[in-house]
Amino acid sequence: MVSRRDLGSWLEGPPQSNEQTWPGQRLGLPRSGPGSIARPGRRIVALMIDWGLSYLIAGWLFGGAELSILAIFAVEQLLLVGTLGYSIGHRIVGIAVRKPDGSAPGLLAAVVRTVLLCLVIPAVIFDQDQRGLHDRAMSTLLVRM
């Protein structure tokens, strides 16, 4: 006789034999420390810092118009992530955007990533490695420095 415990929940999906135990393990990244996947807490704080700075600059230059806040945020992401691999908020919390080989993402990746980030929805849908759709689209990782 099959017990209820043997069946599991249909929400669990099929049994996985190669389950990963931490985000980024499948990608060959360490569990913690430099090079590990940046956790949501750091990401949210970095986003709040970047958005806050954009808000202050837009208030100073454009009277706080909503689109100017978004435009300044997008320019910051494009320029800094595209060239250095991190924004001001990323740098403060100790995370950076990298390609799987460890290099900076480059301008094209920064453009696509920024457009998707500004759309919000792709940034809040994560995979098992805690990479948003904006990172998956350009094969980038947000890792601890």
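In this report, the structure presented in the accompanying data block is examined.

## Overview of the overall build of the protein chain
And then number 1: Looking only at helices and strands, the protein chain features seven helices and two strands.
And then number 2: In sequence order, the secondary structure elements of the protein chain are arranged as α-α-α-α-β-α-α-α-β.
And then number 3: For the protein chain, buried positions account for 36% of its 145 residues.
And then number 4: Counted over contacts in the protein chain with a minimum sequence separation of 6, partners at least 24 positions apart contribute 59%.

## Notes on the nonpolar core
And then number 1: Counting eight residues, the largest nonpolar core consists of Ala38, Ala46, Val81, Val93, Ile95, Val97, Ala110 and Leu142.
And then number 2: Every residue in contact with Ala38, bar those within four places of it in the chain, is listed here: Arg43, Ile95, Gln130, Leu142, Val143 and Arg144.

## Remarks on the packing of helix H2 (residues 40-62) against helix H3 (residues 66-83)
And then number 1: Where H2 contacts H3, the axes come no closer than 8 Å and their chain directions differ by 125°. The angle between H2 and H3 falls in the class oblique. Handedness of the crossing formed by H2 with H3: right-handed. Counting all contacts with H2, which are made through Leu47, Asp50, Trp51, Ser54, Tyr55, Ile57, Ala58 and Phe62, the residues of H3 involved are Ser68, Ile69, Leu70, Ile72, Phe73, Glu76 and Gln77.
And then number 2: For the contact of H2 with H3, the class distribution of residues is ten nonpolar, three polar and two charged.

## So, the pattern of salt bridges
And then number 1: In the structure shown here, the tally under the stated rule is four salt bridges.
And then number 2: Arg26 is the salt-bridge partner of Asp129, the closest N and O atoms lying 2.3 Å from each other. Of the two residues, Asp129 sits in the loop between helix H6 (121-124) and helix H7 (133-137) while Arg26 sits in the loop between helix H1 (4-7) and H2, which places them 103 residues apart along the sequence.
And then number 3: With relative accessibility at 0%, the residue Asp129 sits in the buried group.
And then number 4: Residue Arg136 pairs with Asp127 through a salt bridge whose shortest N-O separation is 2.7 Å.
And then number 5: Residue Arg136 is classed as partly exposed on the basis of its relative accessible area of 41%.
And then number 6: Connected via shared salt-bridge partners are Asp127, Arg131 and Arg136.

## A short note on H3
And then number 1: In this model, H3 (18 residues) spans 26 Å end to end at C-alpha, consistent with the 26 Å of a helix rising 1.5 Å per residue.
And then number 2: Residues of H3 that are buried include every one of Ser68, Ile69, Ile72, Phe73, Ala74, Glu76, Gln77, Val81 and Gly82, and no others.
And then number 3: The inward-facing, buried residues of H3 contact H2, helix H4 (88-93), strand S1 (95-98) and helix H5 (107-118).
And then number 4: Positive backbone phi, at 95°, marks Gly85, one or two positions downstream of H3.

Conventions we followed
- Residues numbered from 1 in each chain as written.
- Predicted model: local features only at pLDDT ≥ 70, side-chain atom pairs only at ≥ 80, totals over all residues.
- Heavy atoms only, no water.
- Helix = DSSP H or I, 4+ residues; strand = E, 2+ residues; numbered from the N terminus.
- Buried < 20%, exposed > 50% of the residue type's maximum accessible area, 1.4 Å probe, protein only.
- Contact = heavy atoms within 4.5 Å.
- Core = buried A, V, L, I, M, F, W, Y, C linked by side-chain atoms within 4.5 Å.
- Axes fitted to C-alpha atoms, helices over the stretch in contact; angles between N-to-C directions.
- Parallel < 35°, antiparallel > 145°, perpendicular 65-115°, else oblique.
- Left-handed = near helix turned anticlockwise from the far one by under 90°.
- Nonpolar A, V, L, I, M, F, W, Y, C, P; charged D, E, K, R; others polar.
- Salt bridge = Lys/Arg side-chain N within 4 Å of Asp/Glu carboxyl O.
- Expected span 1.5 Å × (residues − 1).

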